[in-house]
Amino acid sequence: MYIEPSHTIRYLGFYLDYQLNMKEHIRFYTTKAMSTLGTLRMLGNSNRGLKPRDKRRLYISNVVSILTYGASTWWTPTWKRQGWIAREMQAVQSAAARWITGGFRTTKVGALEAMAGLCPIKENVNRLMRKAALRTLTLDKKHPIVQDISGVRGKKASNKRNKRVNLPSPIH
């Protein structure tokens, strides 16, 4: 019996490839978010069905959580070299803004997002990561995560590769 090797594996809901660049994970969850949004669209159109307020609640509670699953593994504060991630996520949010407001395809996405009361997707992910950082900071000093983080911080950078880079703080 021969088992074909796979390019990706699924572990705890994360799709990992041999380069650990999270492309398959992000593609899977953006596709899943778009199909979830398609399912929510069946609940009503602009003439009949849910009110825009209820559509917005459904989008935020169901689709955004799928779209940002595992963001702490691929997120960087500066979004450098992550333009493709922002485009994939923005496509889902654009479709959601059209669904919530009932706007036309030719309407500017920024205007639809403002009318729907949705914050830009990059800002949403940044906010989620700030919340995660605050949760980590409020953990007890004996917590294993805090001990792991302090162990990493305590080590000196031995070469250029491990040199500490000043990035914008996720807390400020």
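Refer to the preceding data block for the structure.
Residues numbered from 1 in each chain as written. Predicted model: local features only at pLDDT ≥ 70, side-chain atom pairs only at ≥ 80, totals over all residues. Heavy atoms only, no water.

So, the nonpolar core
The criterion, for reference: Note on terminology: a nonpolar core comprises buried Ala, Val, Leu, Ile, Met, Phe, Trp, Tyr and Cys residues joined through side-chain atoms within 4.5 Å. The cut-offs for exposure are 20% and 50% of the maximum accessible area for each residue type, with area from a 1.4 Å probe on protein chains only; residues under the lower value are buried, those over the upper are exposed, and the others partly exposed. Helix numbers and strand numbers start at the N terminus; a helix is a DSSP run of H or I with at least 4 residues, a strand a run of E with at least 2. Contact definition: two residues touch when any of their heavy atoms are within 4.5 Å.
Counting 32 residues, the largest nonpolar core has Tyr59, Trp74 and Val125 as its most contacted members. A total of 9 residues in this core trace back to one element, the largest contributor, which is helix α4 (residues 83-101). Not counting residues within four places of it along the chain, the set of residues in contact with Trp74 comprises Met22, His25, Ile26, Tyr69, Trp79, Gln82, Ile85, Met89 and Val125.

Here's the deal with the layout of surface pockets
Over the atoms rolls a probe the size of a water molecule, and in doing so it shows where empty space is left. Rule in force here: A pocket, in this scheme, is an open set of points on a 1 Å grid over the protein atoms alone with protein on both sides within 12 Å along at least 5 of 7 lines, while a cavity is a set where a 1.4 Å probe fits but cannot get out; residues line either one if an atom lies within 4 Å of a point. Grid points are joined across faces, edges and corners, and a volume is the space filled by probe spheres set on the points. Nonpolar residues are Ala, Val, Leu, Ile, Met, Phe, Trp, Tyr, Cys and Pro. Charged residues are Asp, Glu, Lys and Arg, and all others, Gly as well, are polar.
Here the second largest pocket is characterised by a volume of approximately 330 Å³. If you go around the second largest pocket, you meet 15 residues; those closest to its centre are Trp74, Thr76, Lys80, Arg81 and Gln82. Mapped by element, the contributors of at least two residues to the lining of the second largest pocket are α1 (23-41), α3 (71-74) and α4. Across the lining of the second largest pocket, the residue classes tally to 7 nonpolar, 5 polar and 3 charged.

Considering empty space enclosed by the protein
Going through the model one piece at a time under the given rule, you end up with 1 cavity of 30 Å³ or more. Of the pockets and cavities examined, the largest cavity occupies roughly 30 Å³. Lining the largest cavity are His25, Ile26, Tyr29, Thr30, Leu67, Tyr69 and Trp74. Per-element accounting of the lining of the largest cavity gives the leading share, 4 residues, to α1.

Brief notes about unusual backbone geometry
One non-glycine residue, Leu20, adopts positive backbone phi at about 55°. Residue position: Leu20 is located in the loop between β2 (14-17) and α1. On the basis of relative accessibility, which here comes to 59%, the residue Leu20 falls in the exposed class. If you check the backbone angles, Met22 has positive phi at about 65° while not being a glycine. For Met22, the location among the structural elements is in the loop between β2 and α1. For Met22, a relative accessible area of 7% corresponds to the buried category.

Looking at the environment of Ala33
As for its placement among the helices and strands, Ala33 is situated in helix α1. Sequence separation of Ala33 and Ile66 is 33 residues, and the distance between their C-alpha atoms is 5.7 Å. The residues touching Ala33, leaving out its near neighbours within four places in the chain, are Val63, Ile66, Leu67 and Val92.

Quick look at helix α2 (residues 52-67)
Selection criterion: Fitting axes to the seven residues that end at a residue and to the seven that start at it, the angle between those axes gives the bend at that residue.
Its maximal kink placed at Ile60, α2 deviates by approximately 30°. Considered for burial, the residues of α2 that qualify are Lys55, Tyr59, Val63, Val64, Ile66 and Leu67. Where the residues of α2 are buried, they touch α1, α4 and α6 (121-137).

Comments concerning the pairing of β2
Rules: Two strands form a pair only when DSSP identifies at least two bridges running between them.
In this sheet, β2 lies alongside strand β1 (residues 8-11) in antiparallel orientation, the contact comprising 4 bridges. What sits directly across from Arg10, in β2, is Tyr15. Between β1 and β2, which pair antiparallel one after the other, the connecting turn spans 2 residues, and Leu12 there sits at a positive phi close to 55°.

Considerations on a nonpolar patch on the surface
Here is the rule we go by: Exposure above 30% relative accessible area and the lack of any salt bridge qualify a residue for a patch; like charges then connect within 9 Å, and the nonpolar side chains Val, Leu, Ile, Met, Phe, Trp and Tyr within 5 Å. Each accessible area is a Shrake-Rupley result for a 1.4 Å probe, and residues are judged covered by the shown protein chains and nothing else. Salt bridge, as used here, is a side-chain nitrogen of Lys or Arg placed within 4 Å of a carboxyl oxygen of Asp or Glu.
Together, Ile9, Tyr11 and Leu12 give the surface a local cluster of nonpolar side chains, amounting to about 370 Å² of exposed area. Here Tyr11 shows up in strand β1. On the accessibility criterion, Tyr11 (53% relative accessible area) is exposed.

With respect to the packing of α1 against α2
When two helices pack together, their arrangement is given by the angle between the helix axes and the distance between those axes. Our working definition: Between N-to-C directions, angles span 0 to 180 degrees; the directions come from axes that are lines fitted to C-alpha atoms, helices contributing only their stretch in contact. If an angle is under 35 degrees, it is roughly parallel; if it is over 145, roughly antiparallel; if it lies from 65 to 115, roughly perpendicular; otherwise it is oblique. Each crossing is labelled by how the near helix is turned from the far one, with a counterclockwise turn of less than a right angle marking it left-handed and a clockwise turn marking it right-handed.
Relative to each other, α1 and α2 sit at 160°, their axes nearing to 8 Å. Taken together, the axes of α1 and α2 lie roughly antiparallel to each other. Between α1 and α2 lies a crossing whose hand is right-handed. Along its contact with α1, which presents Tyr29, Thr30, Lys32, Ala33, Thr36, Leu37 and Leu40, the element α2 presents Leu58, Tyr59, Asn62, Val63, Ile66 and Leu67. Split by residue class, the contact of α1 with α2 holds 9 nonpolar, 3 polar and 1 charged.

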